[in-house]
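Summary of structural features
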Amino acid sequence: MRFVAFDLETTGIVAGVDRIVEIGAVRFIDGQIEGVFSTLVDPLMPIPPGASRVNGITDDMVVGKPKVGELLAPLAEFCGDDVLIAHNAEFDTQFLKADINKNEAKAPRGIILDSYPMAKKVFPGLANYKLVTLVTHLSIPSTGFHRAEEDASYCGYLLLKMIEKISGSTSIWPPIANLVALTGRVEQRFPQIEPQPKQLNFLDML
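Residues numbered from 1 in each chain as written. Predicted model: local features only at pLDDT ≥ 70, side-chain atom pairs only at ≥ 80, totals over all residues. Heavy atoms only, no water.

1. With respect to the side chain of D18
Note the following rule: Each helix is a run of H or I in the DSSP string that is no shorter than four residues. Each strand is a run of E no shorter than two, and both are numbered from the N terminus. Only protein chains enter the accessibility calculation, which uses a 1.4 Å probe; a residue is then buried when its area is under 20% of its type maximum, exposed when over 50%, and partly exposed in between. By the counting rule applied here, Lys and Arg register as positive and Asp and Glu as negative, while His and the ends of each chain are not counted. One side-chain nitrogen of Lys or Arg within 4 Å of one carboxyl oxygen of Asp or Glu is enough to make a salt bridge. Identification of polar contacts relies on pairs of N or O atoms within 3.5 Å, with a donor-acceptor requirement for protein atoms, meaning one able to donate a hydrogen and the other able to accept it, and with residues adjacent in sequence counted only if both atoms are side-chain atoms. In this description, contact between two residues means that some pair of their heavy atoms is separated by no more than 4.5 Å.
Tracing the sequence through the fold places D18 in the loop between β1 (2–10) and β2 (20–29). For the buried D18, no salt bridge exists, and the shortest N-O distance to an oppositely charged side chain is 7.6 Å, to R19. Among the polar contacts made by the side chain of D18, one reaches the main-chain amide nitrogen of I13 at a distance of 3.1 Å. Sequence-distant contacts of D18, that is, excluding residues within four places in its chain, are made with T11, G12, I13 and F95.

2. Structural notes on the environment of D18
Exposure remark for D18: the relative accessible area of 18% places this residue in the buried category. Sequence separation of D18 and P43 is 25 residues, and the distance between their C-alpha atoms is 8.6 Å. One polar contact links D18 to T11, side chain to side chain, over a distance of 3.5 Å.

3. Side note on the environment of I172
Examined against the element boundaries, I172 turns out to sit in the loop between α7 (148–167) and α8 (176–183). Each C-alpha atom of the pair I172 and F78 lies 24 Å from the other, and the pair is 94 residues apart in sequence. In this structure, I172 is in contact with I163 and S167, ignoring residues within four places of it in sequence.

4. Looking at α7
Note the following rule: Take the residue count of a helix, subtract one, and multiply by 1.5 Å to get its expected span.
When the terminal C-alpha atoms of α7 are compared, their 28 Å separation across 20 residues agrees well with the 28 Å that a helix rising 1.5 Å per residue should span. Every buried residue of α7 is listed here: A148, D151, A152, S153, Y154, C155, G156, L158, L159, L160, M162 and I163. Residues of α7 that are buried make contact with β1, β2, β3 (32–40), β4 (83–86), α5 (115–122) and α6 (131–137). G168 occupies a position one or two residues after α7 and carries a positive phi of about 85°.

5. A look at the pattern of salt bridges
Here the structure, examined in full by the defined rule, presents six salt bridges. The salt bridge involving E22 is made with R147; its shortest N-O contact spans 2.8 Å. Within this pair, whereas E22 is found in strand β2, its partner R147 is found in the loop between α6 and α7, the two being separated by 125 residues in sequence. For E22, a relative accessible area of 5% corresponds to the buried category. Looking at R147, the relative accessible area reads 24%, which means it is partly exposed. D81 is the partner of R109 in a salt bridge, and the nearest nitrogen-oxygen pair spans 2.6 Å.

6. Details of the state of the cysteines
Note the following rule: Criterion for a disulfide: a pair of cysteine sulfur atoms within 2.5 Å.
Considering all chains together, one arrives at zero disulfides under this definition. Distance from the sulfur of C155, which forms no disulfide, to the nearest cysteine sulfur (C79) is 12 Å. According to the relative accessible area criterion, C155 is buried, its value standing at 2%.

Given below as structure tokens:
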């Protein structure tokens, strides 16, 4: 009964062009938070005012913070083989995939679930399926939204609420294939890239 919920904050919505400014990953074991990976990220570009209005993250907050290339391996180590879940996971995974490919970096190895389509099937009839709507509807305690660690924790508690609705108890984990089926998609995972040895050119040999 363990999984990792994760969330990103970014400078915009286009993976490979816009940049990650915050990573949050929260490990749940037997329904309880047992570990947190949370950090601001220096995007090496100005944060647009529109993005700052959404997440409250400004340029001065990310000065001197780690670059994303320095964080991918520690994030992969934190997540390991655990099942992963994010809300509207395609958005977050596309940003991480772009940086994993660019840096030829290690990646989390677990199956990726998306709580957005899952919630539509488990809790039908809501006005919308934004994370804030689901958190409010399910009375999940909250302090604020659009920060990575907090949103990741809400997503984790949302998965527990869905498991409880499906199984009648948070202690009964449905087969992972059933949870994947609720997403309406084929099984998703991050690419596992073997770093290629760099080729020496003539000048390197002098």
